[in-house]
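Descriptive structure summary
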Amino acid sequence: MSTTPLTSPSPILEAVGLTKSFSQDGEPTQALKGVSLSVAPGEFVSLVGRSGSGKSTMLSVLSTLLRPDAGTLAYKGQDLTTATEAEVNALRHGDFAVIFQFHYLLPYLTALENTLLPFMRGLRPVSAGQRQRALECLERVGLADKAHRLPGQLSGGEQQRVAIARALVKEARVLFADEPTGSLDSATGATVMELLGQLPQEGMSVVMVTHNEDYARLAGRMVRMEDGLVV
Amino acid sequence: MNILTIALRNARKKWVRTLLLLLVFTLGVVSIVALGFVSRVVGEGLEKKLVSYGANILVSPKSEKLTVSYGGFALGDMLFDVSYLDEASTVAKIDGIGLRQNISVIAPKLVVMDRVKDTAVAVVGVRFEQEKLLKGYWLVEQGEVPTRPEGLLVGSAAAAKLGLKLGDAVPLGKHSLVVAGILAPTGNEDDNVLLAHLATVQQATGRHGQANFVEVAALCSGCPIDDIVAQLATGLPGVEIKTLRNIVEQRMYSVHFVKRLILSVSLVILLTGCSMVGISMLSAVNERKKEIGILRSLGFSRQAVFSIFCAEAASIGLLAGVVGYVAGYAVSFRILAVLELAEGAVIAFEPLHLLATALVLALLTSLASLFPAWKAAAIEPSEALVTL
Ligand SMILES: Nc1ncnc2c1ncn2[C@@H]1O[C@H](COP(=O)(O)OP(=O)(O)OP(=O)(O)O)[C@@H](O)[C@H]1O
Ligand SMILES: [Mg+2]
């Protein structure tokens, strides 16, 4: 077991001794073998490591998309491993945002609507204020003129920026990004990285998995994983 | 924009699938609704007939002949072996049965063919005083029911076709009859015939004391019609006794049968539609795993995901219900016109039924998508989103 020393006196997100194993065809794979990580408010952490080292699994557990087998995960002091489903949903809806390598927008909603998706959870219609905010966020990621396009009419980098705008519009506190530039060419990847790099300055914590060492170095802290452990 | 937007946008994007499902359900609703309207009208019409049918027992000579039509060609004119009843004794026998108090009218009839202005027409000899009791619905448009022996009452269609007016003379055998009254349209065979006094027809044609058949009206509240028929049969051996009630009931039965047939076909259509919805939703769930993952990662609850799928199915049902009801309403007019039942039939468009139909359909399609929706709700965001 390895632990990473705290880099901040009051971490917003703190994971201790997380384990997770999958059983594939009856053979168990231990993807996480007891990893600990803490993230301070406004901190930019990059997770690097070889393929299969457990980065995606780690990110999924940290972002509540996957429950760990053991270990604890606390957000602002609240234990997420014992949180109720409603509490987890509230967190996913509010403070946590996730973006992936393959941008993941709903194909039948426009860029603007995809940005507004967090506000379409219930029967209450999206307010004019929320819509205005979404337009501003799209403008911020440079897509003001493409707000009414469907994902199919946007390039990969543009789609990724819509996903970032979606995280911005709901004023997430922690952004989890799994290889956000993985499917983009280097120029497009650079613009996405530039956007991500600005976020910690506004107090948003970013945890990013990447294979690109240059991008990883842009982060305030680089955490390397190997075979289910932080090294 | 709210959660329903997600469901509706997807339905719009997959418009071919949506249209197909809509079509199937609309078809089912149209047939059920049209069936409902038409069978109500037809049933009401038959019931009215059942009530207004004065005669409900028909006494006629037993005929030993085979069918009198061949290949759809009626051989009526070629009949030569017509048998007759003895009017006086038959009426007396009917008059003498134990359940006589249940019999209101005994109306013997003799039907002969005549030529008027080179057109063949049936002249029916009747006892007018009995006939009036039997046919309370008769409306004499011009003149009156004949009182004099040579008087003639003419059916509306026959009058029009033969150009007969009040006072016109009509030859029958050696006699000459005079038009005394013209009936308003009745909607039955009376429209096409000439009615005269039975005795006059018997004399004119040389068939003294003979009748073709006797119509009997039994009082039918708590009708012991089977007992009456049994008593008539013992009193009149060798005579055929048919209850018209049975005929009407048989007709009702065939209406019910057709109704049940169409109903089961419609149910099969709806069931097929439901399984189509179920199957297409199920495959959509697999297709849309990633979407479900996105929604869940944005804090959509399982119930929210569940309701998106249900709402999509329900919207199809709702629309099919509305379109189907309106179309079914229109279609039933067309059917009634084809069945020549349209006039006099009132089918009311009932907004409440429209609402109920739409809601039932929405419920049905939601039920059909229950399992897929439940599967969708069970999808974990990580398994849907993380690319290994
Ligand atoms: N759902 C799953 N079922 C079975 N095994 C899994 C599952 N998810 C991950 N694993 C296994 O866990 C280990 C860690 O996988 P993970 O996806 O976290 O690696 P990674 O560091 O993200 O790799 P890459 O850089 O290729 O994305 C791997 O051995 C993988 O096969
Ligand atoms: Mg990965």
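Cut-offs and rules
Residues numbered from 1 in each chain as written. Chains lettered and ligands numbered in written order. Predicted model: local features only at pLDDT ≥ 70, side-chain atom pairs only at ≥ 80, totals over all residues. Heavy atoms only, no water. Helix = DSSP H or I, 4+ residues; strand = E, 2+ residues; numbered from the N terminus. Buried < 20%, exposed > 50% of the residue type's maximum accessible area, 1.4 Å probe, protein only. Areas by Shrake-Rupley, 256 points an atom, 1.4 Å probe, with all protein chains shown as cover. Contact = heavy atoms within 4.5 Å. Axes fitted to C-alpha atoms, helices over the stretch in contact; angles between N-to-C directions. Left-handed = near helix turned anticlockwise from the far one by under 90°. Nonpolar A, V, L, I, M, F, W, Y, C, P; charged D, E, K, R; others polar. Salt bridge = Lys/Arg side-chain N within 4 Å of Asp/Glu carboxyl O. Phe/Tyr/Trp six-rings, centres within 6.5 Å; stacked < 30°, edge-to-face > 60°. Lys NZ or Arg CZ within 6 Å of the ring centre and 35° of its normal. Buried area = accessible area lost by both parts, 1.4 Å probe. Polar contact = N/O pair within 3.5 Å; in protein donor to acceptor, adjacent residues only side chain to side chain. Expected span 1.5 Å × (residues − 1). Pairing = 2+ DSSP bridges. Near = heavy atom within 4 Å. Lys, Arg positive; Asp, Glu negative; His and termini not counted. Patch = residues over 30% accessible without salt bridge, like charges linked within 9 Å, V, L, I, M, F, W, Y side chains within 5 Å. pLDDT = per-residue confidence, 0-100.

1. Quick word on the overall build of chain A
- Secondary structure summary: chain A contains 7 helices and 10 strands in total.
- Per-residue burial for chain A yields a buried fraction of 55% across its 231 residues.
- Of the roughly 9,700 Å² that chain A leaves accessible, carbon and sulfur atoms contribute 50%.

2. A short note on unusual backbone geometry
Residues and elements named next belong to chain A.
- With a phi close to 70 degrees, T64 is a non-glycine residue in the positive phi region.
- Secondary-structure assignment places T64 in the loop between α1 (55-62) and β4 (70-75).
- Phi at E179 takes a positive value of approximately 45 degrees, unusual for a residue other than glycine.

3. Observations concerning the environment of A:R92
- Along the polypeptide, A:R92 turns up in helix α2 (residues 85-93).
- Ignoring anything within four residues of it in the chain, the contact list for A:R92 reads A:T64, A:L65, A:K170, B:R296, B:S297, B:L298, B:G299 and B:P381.

4. Focus on the packing of helix α10 (residues 302-338) of chain B against helix α11 (residues 351-368) of chain B
Residue and element names in this part refer to chain B.
- In the contact formed by α10 and α11, the axes pass within 7 Å of each other and the chain directions differ by 145 degrees. You can see that α10 and α11 cross each other, and the crossing is right-handed. Residues C310, A313, A314, G317, L318, G321, V322, Y325 and V326 of α10 pack against H353, L354, T357, A358, L359, L361, A362, T365 and S366 of α11.
- Residues belonging to the contact of α10 with α11 are distributed by class as follows: 12 nonpolar, 6 polar and no charged.

5. Structural notes on the pattern of salt bridges
- Considering all chains together, one arrives at 23 salt bridges over all chains under this definition.
- If you follow the salt bridges from partner to partner, you end up with B:K109, B:E131, B:K135, B:D190 and B:E215 in one network.

6. Comments concerning the packing of aromatic side chains
- For the structure shown, the criterion picks out 9 aromatic pairs over all chains.
- Each ring, one from A:F96 and one from A:F176, has its centre 5.1 Å from the other, and the planes form 70 degrees; the classification is edge-to-face. Taken together, the residues A:F96 in strand β6 (residues 96-99) and A:F176 in strand β7 (residues 174-178) connect sequence positions 80 residues apart.
- Its relative accessible area of 1% is what places A:F96 among the buried residues.
- By the ring-pair criterion, three or more aromatic residues cluster together here, those being B:F37, B:Y325, B:Y329, B:F333 and B:F349.
- The ring of B:F309 is capped by B:R288, whose NZ or CZ atom sits 4.7 Å from the centre of that ring.

7. Some points on the environment of B:R9
- Take B:R9: it is sitting in helix α1 (residues 3-13).
- Through-space distance from the C-alpha of B:R9 to that of B:E312 is 9.2 Å; in sequence the pair is 303 residues apart.
- Once residues within four sequence positions are removed from consideration, B:R9 is found in contact with A:Y108, A:L109 and A:E113.

8. Looking at the interface of chain B and chain A
- On the side of chain A, 31 residues touch chain B, which itself brings 27 residues to the contact.
- In total, about 2,700 Å² of surface goes out of reach between chain B and chain A, with carbon and sulfur atoms giving 63% of it.
- Two residues, B:R296 and A:E85, come together in a salt bridge whose shortest N-O distance is 3.6 Å.
- Where chain B meets chain A, there are 11 residue pairs in polar contact (both at pLDDT 80 or more).

9. Description of helix α5 (residues 156-169) of chain A
Residue and element names in this part refer to chain A.
- With 14 residues, α5 extends 20 Å from end C-alpha to end C-alpha; this agrees with the ideal 20 Å at 1.5 Å per step.
- Burial within α5 is extensive, with 13 of its 14 residues counted as buried.
- The positive-phi residue at the C-terminal boundary of α5 is E171, with phi of around 55 degrees.

10. Section: the sheet that holds β7(A)
Residue and element names in this part refer to chain A.
- An order of β6-β7-β8-β3-β9-β10 is seen for the 6 strands of this open sheet, with the pairing classed as mixed. A strand with exactly one partner marks an edge of an open sheet, and here the two such strands are β6 and β10 (229-230).
- Relative to β7, β6 runs parallel, the two sharing 4 bridges. In the strand pairing of β7, I99 is matched with A177.
- Most of the contacts of α1 go to β7, to which it runs at about 155 degrees, and overall it touches β3 (44-49), β6, β7, β8 (205-209) and β9 (221-226).

11. Considerations on the site of ligand 1
- In the vicinity of ligand 1 lie 15 residues, with A:Q24, A:S51, A:K55, A:S56 and A:T57 positioned nearest.
- Around ligand 1, the nearby residues trace back to chains A and B.
- The separation between an oxygen atom of ligand 1 and a polar main-chain atom of A:G54 is 3.1 Å.
- For ligand 1, whose accessible area on its own is 630 Å², the fraction buried by protein is 76%.
- Sorting the residues of the shell around ligand 1 by element identifies β1 (13-24), β2 (27-39) and α1 of chain A as the ones contributing at least two each.
- The greatest single-element share of the shell around ligand 1, amounting to 3 residues, is contributed by α1(A).
- Across the shell around ligand 1, the residue classes tally to 3 nonpolar, 9 polar and 3 charged.

12. Topic: the side chain of B:D114
Residue and element names in this part refer to chain B.
- Tracing the chain through its elements places D114 in strand β5 (residues 103-116).
- The charged side chain of D114 is buried without a salt bridge, its nearest counter-charge being R115 at 7.8 Å.
- Dropping the residues within four chain positions of it, D114 is found in contact with T119, A120, V121, V123, V170, P171 and L172.

13. What to know about a nonpolar patch on the surface
Residues and elements named next belong to chain B.
- Together, Y253, F257, V258, L261, I262 and V265 line one region of the surface with nonpolar side chains, adding up to about 550 Å² of accessible area.
- Examined against the element boundaries, Y253 turns out to sit in helix α8 (residues 244-287).
- The exposed category is assigned to Y253, whose relative accessible area is 51%.

14. Let's talk about the confidence of the model for chain A
- Per-residue confidence for chain A gives a mean pLDDT of 90; residues scoring 70 or more make up 96%.
- Here residues 1-8 of chain A is a poorly scored stretch, pLDDT under 50, and it has 16 contacts once near neighbours within four places are set aside; other chains count.

15. Some details on the sheet that holds strand β5 (residues 78-79) of chain A
Residue and element names in this part refer to chain A.
- Strand order across the open sheet formed by 4 strands is β2-β1-β4-β5, with antiparallel pairing between neighbours. In this open sheet, the two strands that pair with only one neighbour each are β2 and β5.
- Pairing between β4 and β5: 2 bridges, direction antiparallel. Directly across from Y75, in β5, lies its bridge partner Q78.

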